[in-house]
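Below, each chain spelled out in residue letters.
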Amino acid sequence: MRNLFILMLSILFVGCSAREPEKTGKEGQPIPNFHMLLSDSVTHFWSSSIKADSPTVFVYFWTTCPYSRAEIQDLLDDIDNMEDIQFYFVTPNSYKQLEHYVTAYHLHGYKNLSVGMDTSQFFSKYFDNGAVPLTAIYGKDHRLKAAYVGQISSTEVKTYAKK
């Protein structure tokens, strides 16, 4: 019985500890050129307009995914400690779904956060992965430091964004 308890405790510890980023083959590459339609449904955003010398994080999410919601909520809870990081929440979902999500999570009030629609499915194609959440973390040099598939914490985001 004691051995079973130790085994269960070990599994819990391993499952809750930080994990390594995905190997995408894109590590060290610059932010790719892409376009998204921002949540106001009028403004077009191009990645080439991202200001230099600022870590940048893209979170590719689905509005209905509980893991996406949990990751975004964790990031929002800690966003005051990440003012130097620029966030882009990107979804392939419809404008109606995005509009509801932006309202529910009060996403318009952050100066370092933009939310938009990936109308060309760029992220799933570029990273060759349709799973969500997919978080791509770029350093100040705008080169990919880490990419995660699945929910991660704000601590992991801060760790890689500062590298």
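Please read these numbers as outputs of a predicted model, since none were measured by experiment. (Residues numbered from 1 in each chain as written. Predicted model: local features only at pLDDT ≥ 70, side-chain atom pairs only at ≥ 80, totals over all residues. Heavy atoms only, no water.)

A. Layout of the overall build of the chain. Summing up its helical and strand segments, the chain has five helices and seven strands in all. Ordering the α and β elements of the chain from the N terminus gives α-β-β-β-α-β-α-β-α-β-β-α. Carbon together with sulfur atoms contributes 55% to the accessible area of the chain, which is approximately 9000 Å² in total. (Helix = DSSP H or I, 4+ residues; strand = E, 2+ residues; numbered from the N terminus. Areas by Shrake-Rupley, 256 points an atom, 1.4 Å probe, with all protein chains shown as cover.)

B. Structural context of the packing of aromatic side chains. Counted by the stated rule, this structure contains 18 aromatic pairs. The residue whose ring lies beneath Lys26 is Tyr126, and the NZ or CZ to ring-centre distance is 4.3 Å. (Phe/Tyr/Trp six-rings, centres within 6.5 Å; stacked < 30°, edge-to-face > 60°. Lys NZ or Arg CZ within 6 Å of the ring centre and 35° of its normal.)

C. Layout of helix 2 (residues 66–77). The terminal C-alpha atoms of helix 2, which comprises 12 residues, lie 16 Å apart, in line with the 16 Å expected from a rise of 1.5 Å per residue. Taken together, the buried positions of helix 2 are Ser68, Glu71, Ile72, Leu75 and Leu76. For helix 2, the buried positions fall inside an angular range of 135° around the axis, keeping them on one side. Seen from the buried face of helix 2, the exposed residues on the opposite side, beyond 90 degrees, are Tyr67 and Asp77. Where helix 2 is buried, its residues contact strand 3 (56–60), strand 4 (86–91), helix 3 (95–104), strand 5 (113–117), strand 6 (134–138) and helix 5 (154–161). (Expected span 1.5 Å × (residues − 1). Buried < 20%, exposed > 50% of the residue type's maximum accessible area, 1.4 Å probe, protein only. Arc of directions from axis to C-beta. Contact = heavy atoms within 4.5 Å.)

D. Structural view of unusual backbone geometry. Of note, the amide linkage connecting Val132 to Pro133 takes the cis form, showing an omega dihedral of -10°. Inspection of the secondary structure assignment puts Pro133 in the loop between helix 4 (122–126) and strand 6. We note that His106 has phi near 50°; this positive angle belongs to a residue other than glycine. Relative to the assigned elements, His106 resides in the loop between helix 3 and strand 5. By relative accessible area, which is 61% here, His106 ends up exposed.

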